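# Breakdown of the fold
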Amino acid sequence: RDTISRIADTFSEHIEKDDNILINSSHTGYEDLFGIIHNRSVHIDLKNILIRGEDRFDLNRKENHAKKKYFLRFHIHPSVELSATKSKRKVVLKLKNNVGWEFICSEARIKIEDGIYLGEKKMVQSNQHILITDEIDKTKEIKWLFRLIK
């Protein structure tokens, strides 16, 4: 291509079977700039109240991917309190009604960062997000899970 485009091609497929929903998706938003295609699979288990996911990166062989980093962000509603464990593999999410969820990741690089939320009546609100970051590797699969604390 002669120009760098920030317009991404996207793919998404949605499959439902019994109490399970599977979503596979990808986008090329980083391909022209960095030679990277981002892929995400999400499995929602309605019976066991689990959300599992996996992120992968397809790398263009022409590009030099040395020392490039990925940043996966999970934006959380402002009313939810977050706290990370010392292992940096788990975050506990506490909802207003005191229901708890765990976010668990295969990578020991979880951080909680501040952000903004634009979801209600066009008001800007402070919030937090879960951040996972590391160097890109074509063999890396970042696996994560949200589960209800019972």
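Presented here is an overview of the structure given in this document.

## Details of the pattern of salt bridges
For the structure shown, the criterion picks out nine salt bridges. Arginine 56 is the partner of glutamate 54 in a salt bridge, and the nearest nitrogen-oxygen pair spans 3.3 Å. Note on arginine 56: relative accessible area 24%, which makes it partly exposed. Across the pair aspartate 134 and lysine 140 runs a salt bridge whose closest N-O atoms are separated by 2.9 Å. Neither aspartate 134 nor lysine 140 differs from the other in exposure class; each is buried.

## Focus: the nonpolar core
Among the nonpolar cores identified, the biggest contains 21 residues, and Phe74, Leu93, Phe103, Ile130 and Ile132 are the most heavily contacted of them. Elements represented by at least two residues in this core include exactly strand 3 (36–45), strand 5 (69–75), strand 7 (90–94), strand 8 (100–105), strand 10 (123–135) and strand 11 (141–148). Residue contacts for isoleucine 130: discarding those within four places in its chain leaves Leu72, Arg73, Phe74, Ile76, Leu82, Val91, Phe103, Ile110 and Lys111.

Calculation rules
- Residues numbered from 1 in each chain as written.
- Predicted model: local features only at pLDDT ≥ 70, side-chain atom pairs only at ≥ 80, totals over all residues.
- Heavy atoms only, no water.
- Salt bridge = Lys/Arg side-chain N within 4 Å of Asp/Glu carboxyl O.
- Buried < 20%, exposed > 50% of the residue type's maximum accessible area, 1.4 Å probe, protein only.
- Core = buried A, V, L, I, M, F, W, Y, C linked by side-chain atoms within 4.5 Å.
- Helix = DSSP H or I, 4+ residues; strand = E, 2+ residues; numbered from the N terminus.
- Contact = heavy atoms within 4.5 Å.

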